[in-house]
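Understanding the architecture of this molecule
What follows is the residue order along each chain.
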Amino acid sequence: MTLLTAFAAVAACGSDADNSAASPAAGPHSAHADTSSAPPQPLRAGERFLDLKMAEAYTPAPPEGGGTDEYRCQVIDPGLTKAVFLTGTQVMPENVAIAHHAIVYAVPPGGAALVREQDAKTPGLGWQCFGGTGVPGAEVEEDDAAWVDTWAPGATETLLTQDAGYKLEPGSLLILQMHYNLLATDGKPAGSDRSAVRLRLTDGTPQTRELVTWSLDAPTDLPCAADESGPLCDRAASIADVTKRFGSDVGEMADRQVEECNQGGAPKPGDTQTCDHKVTEPMTLFAGFGHMHMLGRAMKVELNPGTPNAKVVLDVPQFDFDNQRLVKLPSPVEIGPGDTLRVTCTHDAGLRKRLPQLSKLPPRYVVWGDGTSDEMCIGIMTVSPRKS
């Protein structure tokens, strides 16, 4: 994998808060009554808030071909007239009954025309965007669209140090990707949503470090539990189902990850999967968070595993979807060519029967996918390239 300033295949979904060994009666994630946005932290010297909102309310609906998830991207213009640094972000969902996750992407001026074109050619507000921004063209998808924030129930403002931030030039746009999950409403519309985003901006100094995101992913090859059976317990059938629901790019991800991560290029069915990512340029690790879906149990990212200098840089021993927060490292970690970052994820098919959102769905061999019943394994690191 190369260093990306965008992540082109993220999804999330509702989760019971019981992804640990606690009682499975902790309550369904679809009950979002207590997940209103918390007040932001006070402004620091030189900072200011910029409040932005979706152009109009949107009523989600299941996509054609079945499913209970809709991903909708909206373009939001911050109207910048000079370069600024983004040092904090807070997504403020309006309809928390259906808003199950959100991602904020920052698109530089060079990609703005592609975003505007995508928005103009799609009827209605925004466009459907399973897997990333949904905007064709490498300039938006893989080179310049920085993933600057993720919201999930329980999240508050993502607050960065004043000495580092995402640089936004005049003409930059934001893409707000909202994941609406309709499992709790049996796939029926559940009202509209007009979510908002609050940006914390500063002019920065010559010493301010520019941040990007690096997504470290690993395969998901989680077989059906021993007491489960059904047509989707076959890996190929499950991949075909993911492809039908989300398209070939997402459907091909499972095999693509296996080729990149597994020696010999063969799937390794099991609860725990890993992938090593070689560091190709000098950079500083500032923060990170782990992302999985409803069957996630634990995740970690290790630097140079198996060597005398091995170090765990991100550790999520009890994954909780409702608490996917950016974690600042105790101190920045300097890495460079010759180093390796290993991401490891553990999933648990046994949780399927305990989670209300999954208990009525047919058992499946779980692979990478954008939906609630699919899975992911991603260590998302906030980094800053350096010259040496």
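Our subject in this report is the structure included herewith. Every residue gets a number counted from 1 within its own chain, in the order that chain's sequence is written. With the structure being a predicted model, the display of local features is reserved for residues of pLDDT at least 70 and the display and counting of side-chain atom pairs for 80 or more, all residues being used for whole-chain, interface and lining totals. Side-chain calculation: all heavy atoms of the structure are included, whereas hydrogens and water are not.

**Considerations on the pairing of strand β10 (residues 196-202)**
Judged by how many residues are buried, β10 sits mostly within the fold: seven of seven residues are covered. Strand pairing is defined by DSSP finding a minimum of two bridges between the two strands. Runs of E in the DSSP output that reach at least two residues are strands. Runs of H or I that reach at least four are helices, and both are numbered from the N terminus. Here strand β1 (residues 47-53) pairs with β10 via seven bridges, running antiparallel. Its bridge partner being in β10, Arg-48 is matched across the sheet by Leu-201. Where strand β3 (residues 84-92) lies against β10, seven bridges are found, and the strand directions are antiparallel. Its bridge partner lying in β10, Phe-85 is registered against Thr-202. The buried label goes to any residue with under 20% of its type's maximum accessible area, the exposed label to any with over 50%, and the partly exposed label to all in between, with areas taken from a 1.4 Å probe on protein chains only.

**A short note on the pattern of salt bridges**
One speaks of a salt bridge when a side-chain nitrogen belonging to Lys or Arg is within 4 Å of a carboxyl oxygen belonging to Asp or Glu. Overall, the coordinates contain 22 salt bridges when judged by the stated rule. Two residues, Asp-77 and Arg-116, come together in a salt bridge whose shortest N-O distance is 3.0 Å. Of this pair, Asp-77 sits in the loop between β2 (69-76) and β3 while Arg-116 sits in helix α1 (residues 109-121), and the two are 39 residues apart along the sequence. Judged by relative accessible area, which is 41%, Arg-116 ranks as partly exposed. Asp-249 serves as the salt-bridge partner of Arg-256, at 3.9 Å between the closest nitrogen and oxygen. Ionic contacts of the salt-bridge type, sharing partners, join the residues Arg-44, Glu-47, Glu-157 and Arg-200 into one network.

**Examining helix α3 (residues 235-246)**
In this scheme, a helix's expected span is set at 1.5 Å multiplied by one less than its residue total. Taking 1.5 Å as the rise per residue, α3 with twelve residues should run 16 Å; its terminal C-alpha atoms sit 16 Å apart, in good agreement. Residues Arg-235, Ser-238, Ile-239, Asp-241, Val-242, Arg-245 and Phe-246 constitute the buried set of α3. Considered in projection along α3, the buried side chains sweep an arc of 155° and stay on one side of the axis. In α3, the exposed positions that point more than 90 degrees away from the buried face belong to Ala-236 and Lys-244. Contacts: residue pairs with any heavy atoms within 4.5 Å of one another. Among the structural elements, α4 (248-251) and α5 (253-261) are those in contact with the buried residues of α3. Polar contacts, as used here, are pairs of N or O atoms within 3.5 Å; protein pairs need one atom able to donate a hydrogen and one able to accept it. Residues neighboring in sequence count only if both atoms are side-chain atoms. Two or three places before Ala-236, at the start of α3, stands the capping residue Asp-234, its side-chain oxygen 3.2 Å from that residue's backbone nitrogen. Count one or two residues on from α3 and you reach Gly-247, which has phi positive near 100°. What the arc covers is the set of directions going from the helix axis to the C-beta atoms.

**Describing the sheet that holds strand β17 (residues 327-335)**
Within a sheet, adjacent strands bond to each other through the backbone by hydrogen bonds, running parallel or antiparallel. Spatial strand order, β12-β19-β14-β17: four strands in an open sheet with antiparallel pairing. Single-partner strands in this sheet number two, and they are β12 (212-217) and β17. Neighbour-to-neighbour, the strand axes of this sheet turn through a mean angle of 30°, independent of strand direction. Of the pairings in the sheet, the one linking strand β14 (residues 283-291) to strand β19 (residues 378-385) comprises eight bridges and is antiparallel in character. Bridge pairing links Gly-290 to Gly-379 in β19. Helix axes use the C-alpha atoms of the stretch in contact, all axes being lines fitted to C-alpha atoms, and the angles between their N-to-C directions lie in the range 0 to 180 degrees.

**Focus: the environment of His-347**
Secondary-structure assignment places His-347 in strand β18 (residues 340-347). What His-347 contacts, discounting residues up to four positions off in sequence, is Thr-220, Leu-222, Asp-271, Met-292, Leu-295, Gly-296, Arg-297, Glu-375, Met-376 and Cys-377. One polar contact links His-347 to Glu-375, side chain to side chain, over a distance of 3.1 Å.

**Points about the state of the cysteines**
Only a pair of cysteine sulfur atoms within 2.5 Å counts as a disulfide in this structure description. Per the counting criterion, the structure on display carries four disulfides. In this model, Cys-73 is linked to Cys-129 through a disulfide, with the two sulfur atoms separated by 2.2 Å. As the torsion about the S-S bond is roughly 95°, the Cys-73-Cys-129 disulfide counts as right-handed. Of this pair, Cys-73 sits in strand β2 while Cys-129 sits in the loop between β5 (127-128) and α2 (138-144), placing them 56 residues apart in sequence. With a relative accessible area of 1%, Cys-129 lands in the buried category. Paired through a disulfide, Cys-261 and Cys-275 show a sulfur-sulfur distance of 2.0 Å. An S-S torsion of about -75° defines the bridge between Cys-261 and Cys-275 as left-handed. Residue Cys-261 is found in helix α5, and its partner Cys-275 is found in strand β13 (residues 272-278); the two are separated by 14 residues along the sequence. Pair check on accessibility: Cys-261 and Cys-275 agree, each one buried. Cysteine pairing in the protein chain follows 1-2, 3-4, 5-6, 7-8, where each cysteine in a disulfide is numbered by its order in the sequence.

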